[in-house]
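What the coordinates show
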Amino acid sequence: MDISSLSGILSTDYMSAVTEKTLLAKNTGETFDSVLASAVNMLTETNNLQNDAQSAKIQFALGEAENPHDMQIAAAKALEALQYTVAIRDKMLDAYKEIMNMQI
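In this text, all values refer to a predicted model and were calculated from it rather than measured experimentally.

Here the focus is helix H2 (residues 32–62). For an α-helix, 3.6 residues make a turn, and residues three or four places apart therefore share a direction. Compared with an ideal rise of 1.5 Å per residue, which puts 31 residues at 45 Å, H2 spans 45 Å between its outermost C-alpha atoms and is within 8% of the ideal. Gly63 occupies a position one or two residues after H2 and carries a positive phi of about 80°.

Rendered as structure tokens:
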């Protein structure tokens, strides 16, 4: 997925989109399997962004990069994706802990 067109989007826009998707998932009866597949896709995208940032850093260190801004942009995208991934992981762990603490 190409996210180059998302350069001007704020984190509030992202969170509102996630909230809207969550609300739509509740209304459409989205299954746990599809939510899990979506999470795996997000992890794959985050991993790809991390790999792209690492290769951009290597190219910059070797002097092969023409523009240092490309490296900075790739690193910023990777960092943003990682922060969102960690935030979602934390929320999932909190939900799991809450479910485990429920009385049967």
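Here the narrative resumes, following the displayed structure.
Let us look at the nonpolar core. Among the nonpolar cores identified, the biggest contains seven residues, and these are Leu49, Ala53, Ala56, Met71, Ala74, Ala78 and Ala81. If you list the elements that add at least two residues to this core, you get H2 and helix H3 (68–100). A total of four residues in this core trace back to one element, the largest contributor, which is H3. If we ignore the near neighbours within four places in the chain, the residues touching Ala56 are Met71 and Ala74.

What follows covers the pattern of salt bridges. Counted under the stated rule, the structure contains one salt bridge. One salt bridge connects Asp90 with Arg89, and the closest N-O pair in it is separated by 2.8 Å. Residue Asp90 is classed as partly exposed on the basis of its relative accessible area, which comes to 32%.

Taking 1.5 Å of rise per residue, 33 residues should cover 48 Å, and H3 covers 48 Å from first to last C-alpha, within 8% of that figure. For H3, the complete set of buried residues consists of Met71, Ala74, Ala78, Ala81, Tyr84 and Thr85.

The next point concerns the packing of H2 against H3. Running from N to C, H2 and H3 point in directions that differ by 150°, and their axes come no closer than 8 Å. What the angle tells us is that H2 and H3 run roughly antiparallel. Two packed elements cross with a definite hand, and for H2 against H3 that hand is left-handed. In contact with Met42, Leu43, Thr46, Leu49, Gln50, Asp52, Ala53, Ala56, Lys57 and Phe60 of H2, H3 contributes Pro68, Met71, Ala74, Ala75, Lys77, Ala78, Leu79, Ala81, Leu82, Thr85 and Ile88. Considering only residue class, the contact of H2 with H3 consists of 15 nonpolar, three polar and three charged.

Right, let's get into the environment of Ala53. Here Ala53 is to be found in helix H2. As a C-alpha pair, Ala53 and Ala78 span 25 residues in sequence and 6.4 Å in three-dimensional space. The residues contacting Ala53, other than those within four sequence positions of it, are Ala74, Ala75 and Ala78.

The next thing to look at is the side chain of Thr46. Residue placement: Thr46 occurs in helix H2. Engagement of the side chain of Thr46 in a polar contact is seen with the side chain of Thr85, the distance being 2.8 Å. Residues within four places of Thr46 in sequence aside, it is in contact with Ala81, Leu82 and Thr85.

Together, Tyr96, Ile99, Met100 and Met102 line one region of the surface with nonpolar side chains, adding up to about 470 Å² of accessible area. Inspection of the secondary structure assignment puts Met102 in the segment after H3.

Scoring rules and cut-offs
- Residues numbered from 1 in each chain as written.
- Predicted model: local features only at pLDDT ≥ 70, side-chain atom pairs only at ≥ 80, totals over all residues.
- Heavy atoms only, no water.
- Helix = DSSP H or I, 4+ residues; strand = E, 2+ residues; numbered from the N terminus.
- Expected span 1.5 Å × (residues − 1).
- Core = buried A, V, L, I, M, F, W, Y, C linked by side-chain atoms within 4.5 Å.
- Buried < 20%, exposed > 50% of the residue type's maximum accessible area, 1.4 Å probe, protein only.
- Contact = heavy atoms within 4.5 Å.
- Salt bridge = Lys/Arg side-chain N within 4 Å of Asp/Glu carboxyl O.
- Axes fitted to C-alpha atoms, helices over the stretch in contact; angles between N-to-C directions.
- Parallel < 35°, antiparallel > 145°, perpendicular 65-115°, else oblique.
- Left-handed = near helix turned anticlockwise from the far one by under 90°.
- Nonpolar A, V, L, I, M, F, W, Y, C, P; charged D, E, K, R; others polar.
- Polar contact = N/O pair within 3.5 Å; in protein donor to acceptor, adjacent residues only side chain to side chain.
- Patch = residues over 30% accessible without salt bridge, like charges linked within 9 Å, V, L, I, M, F, W, Y side chains within 5 Å.
- Areas by Shrake-Rupley, 256 points an atom, 1.4 Å probe, with all protein chains shown as cover.

So far we have only geometry, and geometry alone does not tell us how the molecule works.
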